[in-house]
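Letter by letter, the chains look like this.
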Number of protein chains: 2
Amino acid sequence: MTLLRTSRPARADRGIPDATVARLPVYLGALAELAADGRSTCSSGELAEAAGVNPAKLRKDLSYLGSYGTRGVGYDVAVLRHHIGRELGQTQTWDVVIVGAGHLGSALSAYHGFDSRGINVAAVLDTDPARIGTDLAGVEVRPFADLEAVVEEFGIAIAVVATPGEAAQGVADALVAAGVTSILNFAPAVLQVPETVTVRKVDLSIELQVLAYHEQRRASGHEAADEEVAG
Amino acid sequence: MTLLRTSRPARADRGIPDATVARLPVYLGALAELAADGRSTCSSGELAEAAGVNPAKLRKDLSYLGSYGTRGVGYDVAVLRHHIGRELGQTQTWDVVIVGAGHLGSALSAYHGFDSRGINVAAVLDTDPARIGTDLAGVEVRPFADLEAVVEEFGIAIAVVATPGEAAQGVADALVAAGVTSILNFAPAVLQVPETVTVRKVDLSIELQVLAYHEQRRASGHEAADEEVAG
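Residues numbered from 1 in each chain as written. Chains lettered and ligands numbered in written order. Predicted model: local features only at pLDDT ≥ 70, side-chain atom pairs only at ≥ 80, totals over all residues. Heavy atoms only, no water.

Asks: Would you mind going over the UniProt feature "DNA-binding region" (unreviewed entry) in chain A in detail, with residue names and values included?
Replies: Mapped onto this numbering, the UniProt entry gives "DNA-binding region" (unreviewed entry) at residues 26-65 of chain A. With 70% helix and 5% strand, residues 26-65 of chain A has end C-alpha atoms that lie 15 Å from one another. (UniProt positions renumbered as here; feature names shortened; annotations may be inferred. Helix = DSSP H or I, 4+ residues; strand = E, 2+ residues; numbered from the N terminus.)

Structure representation (C-alpha cells):
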C-alpha cells in the first residue's frame, strides 16, 4: 500500500522501515488465517502467498525482526504472531480519538480490524450539534470542546483528523496543545505541527491515481496486466 | 543554462515505480499551490518542502519523468504540472464505479480532490434497497444488479470496493465478469482475481499501526519524535 510516503531512511538504530512496519499487520492477518485453518507452521512461500506479497520481500521484512524461521520447517505460526504483535506494540491497547463524525469519521469508528490490532476508538469529537450525542459503533459523539478532557481521561497520544480541509489546521493546533503526539490526517490539508509531533497523511485518491497510471499504460500497450498487489 | 541531468535514465519502457507514482499527485498538489501563489518557477528544495518530502527523493522521483529542471532556475511550474499530469493519465478522465454506499462509500463519493486528478465517480452501487435511489454528492445510488450496464455505459475500467469483507469476493467476481480490470479494495478481505486484473488493497488501520509503533518506541526511549511526514 502506498498511501503514505516517508522521508525517513531505514536505519537499524531507528527501528524498522515504515514500509515494513506497514506490511507487518498484513502478515499478522495472514498468520491468523493460517492458525484458524489449524496450521502450526508455514513456509515463507505460503505466508507470502496468503499475504499477497512476494516471498523475497516477506523474508527481508521478517529479517528486521530477527530470524524466526527454521530451514526445511518454516515459521512457527504462534511464535511469529507473538513477535510481530510485540514489535507493533500490540501488547498494549492504544486509545485514539477521532475528530470529525462525518461519513469518514463514522466509517473509521466502525472499522473492523482496529480491535484485533490493539487500537481502540476511545472517543469521537465533532463541533456539529446535530452529531453530538449520536452513537457511532458504540461510542457517543462528544463536543470538540471536550478534547483536553478526553485526552487526559484516556491518556491519548494518537489522534485521527477526519474533518474538512479548512478545519484541519485548527484541529491539529488544538490536538498538539492537548498533548497529542501522533496525528493521522485524512483531511486534504498539509498540517503544520511542532517537530515533536508525528503526522502521517492519507490521501484516498492516490491509490486510484496509481491504478489509473497502470490502466493508461495498459491501454497504450506499454505493459501487461500487473499481478495482484495486496497489502 | 545547463539542464540538470541524472545518472539514471528514465525507464520509459518499464514505467515508474509505484512508490514514485504515488508521490506524483502530491507534487501536483504542491505545484498547484505554488501556481496559485503566482510562482512560475520553483527550486527543488521549495517544491520538496511544499510537498513534505526530502529534496533528494523529489529529484529522484522527477528523474523518472525525464529532466525538466534548469540549474540555477529550478523547475518551470506550468511545464512540470503538464508533464506530471500527462504521466498520471490526467489528460483523460477516468470514470470509476464505487460498490458499497455505506459510510466509507459515501465518504469516497464526496471526496474532494478526485475531480482535480482526473477521476470521476460515475456510479455508486449497493444492494440495500434503503440506499438505492439516494443521492451521494450528486450521484444517485443504483442497484448492484446494474453493474454490467454501468460498466458498459461509462466504459469503466476501475472499480472501488467499499463493501463489508464478506461481500467483497462476490463483488470482485462480478466486477471481473463485467470487464473491470483495476480494483481498489477497501474491504477487509484478500481478493482472488485473474492475473489480468490489478488489485490494490487499502487497510485503514495500517497507518494507525505505524503511528503506534513509533509511539511505542518513543515511550521506551528508542527514538526521538519524528519529523513530520506529510503527504
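Asks: Tell me about helix α7 (residues 165-178) of chain B, and name the residues and values.
Replies: Residue and element names in this part refer to chain B. Look at α7: 20 Å from first C-alpha to last across 14 residues, which is about the 20 Å you get at 1.5 Å a residue. All buried positions along α7 are accounted for by G165, A168, V171, A172, L175 and A178. Next to the buried residues of α7 lie β4 (94-99), α6 (147-154), β8 (158-161) and β9 (182-185). One or two steps after α7, the chain reaches G179, where phi turns positive at roughly 105°. (Expected span 1.5 Å × (residues − 1). Buried < 20%, exposed > 50% of the residue type's maximum accessible area, 1.4 Å probe, protein only. Contact = heavy atoms within 4.5 Å.)

Asks: How would you explain the environment of N120 of chain A if you had to name every residue and give the values?
Replies: All names here are of chain A. With respect to the element layout, N120 can be found in strand β5 (residues 119-126). For N120, a relative accessible area of 30% gives the class partly exposed. Separated by 11 residues in the primary sequence, N120 and S109 place their C-alpha atoms 9.3 Å from one another. When sequence neighbours within four positions are dropped, the list of residues in contact with N120 reads T93, W94, D95 and V96.

Asks: Describe the sheet that holds strand β1 (residues 41-42) of chain B, and please don't skip the residues or the numbers.
Replies: Residues and elements named next belong to chain B. Taken in spatial order, the 3 strands line up as β1-β3-β2 in an open sheet, and their pairing is antiparallel. One side of each edge strand has no neighbouring strand; the edge strands of this open sheet are β1 and β2 (69-70). Of the strand pairs in this sheet, β1 and strand β3 (residues 74-76) are connected by 2 bridges, and their pairing is antiparallel. Within the sheet, the bridge partner assigned to T41 lies in β3 and is D76. On top of the sheet, helix α4 (residues 77-87) reaches β1 and β3; it is set at about 70° to β3, its chief contact. (Pairing = 2+ DSSP bridges. Axes fitted to C-alpha atoms, helices over the stretch in contact; angles between N-to-C directions.)

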